[in-house]
Amino acid sequence: MPDIDIRTTGRAGRITLTRPKALNALSYEMCMAIDTALRNWREDDEVDLIILDAEGDKAFCAGGDIAKLYETGLAGDFSHGQTFWRDEYRLNALIFAYPKPIISFLQGFTMGGGVGVGCHGTHRVVGETSKISMPECAIGLVPDVGGSLMLALAPGRLGEYLGLTAFRMGPADAIYAGFADHFIPQTTWPDLIELLEASGNAELVTDHAQPAPDGKLQQMQPGIDQYFAGETLEDVLINLRSEDTDFTSKTMEMMGQHAPLSMACTVEMIHRLRGPSLTMHRALDMEYRFTYRAQEHGDLIEGIRALIIDRDRSPSWQYPDMKVPAVAVSKMLQPLGANALTFQED
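A few points on the structure. (Residues numbered from 1 in each chain as written. Predicted model: local features only at pLDDT ≥ 70, side-chain atom pairs only at ≥ 80, totals over all residues. Heavy atoms only, no water.)

Regarding the overall build of the protein
Heads up, the condition is: Each helix is a run of H or I in the DSSP string that is no shorter than four residues. Each strand is a run of E no shorter than two, and both are numbered from the N terminus. Throughout, radius of gyration means the C-alpha value; the globule benchmark is 2.2 Å times the number of residues raised to the power 0.38. Note on classification: 1.4 Å probe, protein chains only; a residue is buried when its accessible area is under 20% of the maximum for its type, exposed when over 50%, partly exposed between these limits. Accessibility throughout is a Shrake-Rupley quantity obtained with a 1.4 Å probe, and a residue counts as covered only by protein chains that appear here. Lys and Arg are tallied as positive, Asp and Glu as negative. Neither His nor the chain termini are counted. Taken as the charge centre is NZ of Lys, CZ of Arg, CG of Asp or CD of Glu, depending on the residue.
Check the secondary structure of the protein and you find 16 helices and nine strands. The C-alpha radius of gyration computed for the protein amounts to 20 Å, which stays within 12% of the reference 20 Å derived for 346 residues, consistent with globular compactness. When its C-alpha atoms are laid out on the principal axes, the protein stretches across 55 × 45 × 40 Å. Scored against the burial criterion, the 346 residues of the protein give a buried share of 56%. Counting every atom, the protein has about 14,400 Å² of accessible surface; 51% of that belongs to carbon and sulfur. Between the centroid of the 29 positive side chains of the protein and the centroid of its 48 negative side chains there is a distance of 4 Å.

Here it is as structure tokens:
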């Protein structure tokens, strides 16, 4: 298919996203092609490892292709989105539990759906241009594609901060937060990929890793832990409003652009997931509760309109005063019963 190149080279299964003009945004068909390839290679003794990369300098993958979600949702057809998320999340779970090494090369922007494909493998490589983020709250969604699992596992209250602000992590920040493993200069990636194809030895990635340039998040951690403590979005807002500093004002500015219902549900999701019972399936199940309802009951349609379609950047959110009732959060995250996300047992 024109948007993705799937082949076997040497000992490697190769998946290359080939939509650079669209920042390699994932379509449903691309997700299903990746799913099929991974299932085939899992049983193939000629394939020792998987290499995920993308064409272009600007992005590994800047997210999902959301134009169709807008069109179908606006027409009152919510089944397309529900099917897309269901099958995408099953792919995320497949990558997370895959029995062979999956090596991803994450140049430029890796956001949203790109995180789901690129950040659940065993060897996640970042370079000088890498910028990783979870910006779903900006369009009325919540951090999904398994991103809620990584946010729940991030140090301290970093998960809440990254989910509510959509902060873009450079290479060192991505490694610190648990979204990447190794910094390798991008000029060396083609040679490394050739070695991986020839040898089938994933440990070569670790051998090529270098210290990443300095990041920001580790130094910001004490302030993040202070201001993002609390059980709800309201608690976070009270903390941020209690002091007027560069950090609080910049953080409030970033959060002020995002959907309040999405932010309140993000905090609740992270808190419910955090702890010894956290699994990828549990995280994806929680995410699907929200996204299943997002077009009909959330702010997704309005968020896409304001940021992607009309680009007026003036969304009319529910709860514009950021006072989100607890019952509204509960309704978005309550179990789906017969429509709950299930995973193929194979």
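Next comes the rest of the account.
Some thoughts on helix H2 (residues 67-74)
We count it as follows: Should any heavy atoms of two residues lie within 4.5 Å, those residues are considered in contact.
Regarding H2, the residues found buried are Leu69, Tyr70, Thr72 and Gly73. Of the surrounding secondary structure, the elements contacted by the buried residues of H2 are helix H3 (79-96), helix H14 (280-297) and helix H15 (300-309).

Comments concerning the sheet that holds strand S8 (residues 131-133)
Here is the rule: In this analysis, strands are considered paired if DSSP registers two or more bridges between them. Here the axes come from fitting lines to C-alpha atoms, over the contacting stretch only for helices, and the angles between their N-to-C directions go from 0 to 180 degrees.
As summarised here, the arrangement of the three strands in space is S4-S6-S8, forming an open sheet in which the pairing is parallel. Each edge of the open sheet carries a strand with a single partner, namely strand S4 (59-61) and S8. Within the sheet, the average angular offset between the axes of one strand and its neighbour, ignoring direction, is 15°. Summarising the sheet, strand S6 (residues 109-111) and S8 pair through three bridges and their orientation is parallel. Counted as the bridge partner of methionine 111 is serine 133 from S8.

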